[in-house]
Amino acid sequence: MGAKCSIGLSVFFFFFFCGLLIGLSCTIVRDYLQTANYKETKCNVQRSTYEHDQLEFWPNCNFDCEKVYDKDGIQSECLLSQFPCLQVIVNHFYDDQLIETTLHATPEQARKYPKCSVDVCYQDSKRNADFVRKWQKTYGQPGMTHVCYYNELDKEKREVVLDVPQTAATAIHALVWPSIGIFLSIIAFILTLVRAHLQRTREEKLRETSEGRRFKAKSSSTREKKMNPAEVAM
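The following refers to the structure shown. (Residues numbered from 1 in each chain as written. Predicted model: local features only at pLDDT ≥ 70, side-chain atom pairs only at ≥ 80, totals over all residues. Heavy atoms only, no water.)

### Considerations on the side chain of glutamine 136
Then comes step 1: As for its position among the elements, glutamine 136 is in helix H3 (residues 125-139).
Then comes step 2: Overall, the relative accessible area of 15% leaves glutamine 136 in the buried class.
Then comes step 3: A polar contact is formed between the side chain of glutamine 136 and the side chain of serine 48, at a distance of 2.8 Å.
Then comes step 4: Not counting residues up to four positions away in its chain, the partners in contact with glutamine 136 are Ser48, Tyr50, Leu86 and Gln141. (Helix = DSSP H or I, 4+ residues; strand = E, 2+ residues; numbered from the N terminus. Buried < 20%, exposed > 50% of the residue type's maximum accessible area, 1.4 Å probe, protein only. Polar contact = N/O pair within 3.5 Å; in protein donor to acceptor, adjacent residues only side chain to side chain. Contact = heavy atoms within 4.5 Å.)

Listed below in structure tokens is the structure:
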């Protein structure tokens, strides 16, 4: 029963760590590979402005979406909100060249809203505006210096972000620890099988020894009966 339980736990943890490795590979490692071409640099804030002050010119965003099934298949219906488009202008050095560009919060945000430094999407547009103003005070004041990342694949090196989702160290941890768990599960499974095999072999030897002793005792008793005629007559 103990061996079966150990084997069951080993198999469970093997599949658990395999699933964990696949999950982390599809999330953390994938995010890292998508942003592995971003290199660290220093960004100096020059100025920050808003593209438009009037609400009707603010970018739209989808704050609540639901899937709708109709004759054309699955459609998404979204409620729209708006946020002010803040542009934080920074410069950074690349190859002894001073490059001026717009700072973005993340690579995903840069792809969604290339003209805006940050995006936010609450239902209330006023709440969005408050968030953007706080972000401006934190990261968009002239004279500030931030650690930032430029896209090495961008020829002009103008795609600059404040943060990348995952670092190389995080991606390595996401691969190493589940792999160690898989390896230990396999070792535990093999050791359990070996231990069960040795125990079975030991039990078989004990059984053979016990049967041999019983056989010898029976043979000895038979010989004694044959040697005692009185007992045989009785």
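### Thoughts on the pairing of strand S5 (residues 97-104)
On a regular strand, each side chain points to the face opposite its neighbour's, so the side chains alternate between the two faces of the sheet.
Then comes step 1: Two elements, strand S4 (residues 86-94) and S5, share seven bridges in a ladder whose sense is antiparallel. Within S5, the residue paired with valine 90 across the bridge is threonine 101.
Then comes step 2: Between the end of S4 and the start of S5, which pair antiparallel, lie two residues, with aspartate 95 showing a positive phi angle near 55°.
Then comes step 3: Two elements, S5 and strand S7 (residues 160-161), share two bridges in a ladder whose sense is parallel. Looking at S7, one finds that histidine 104 is bridged to valine 161. (Pairing = 2+ DSSP bridges.)

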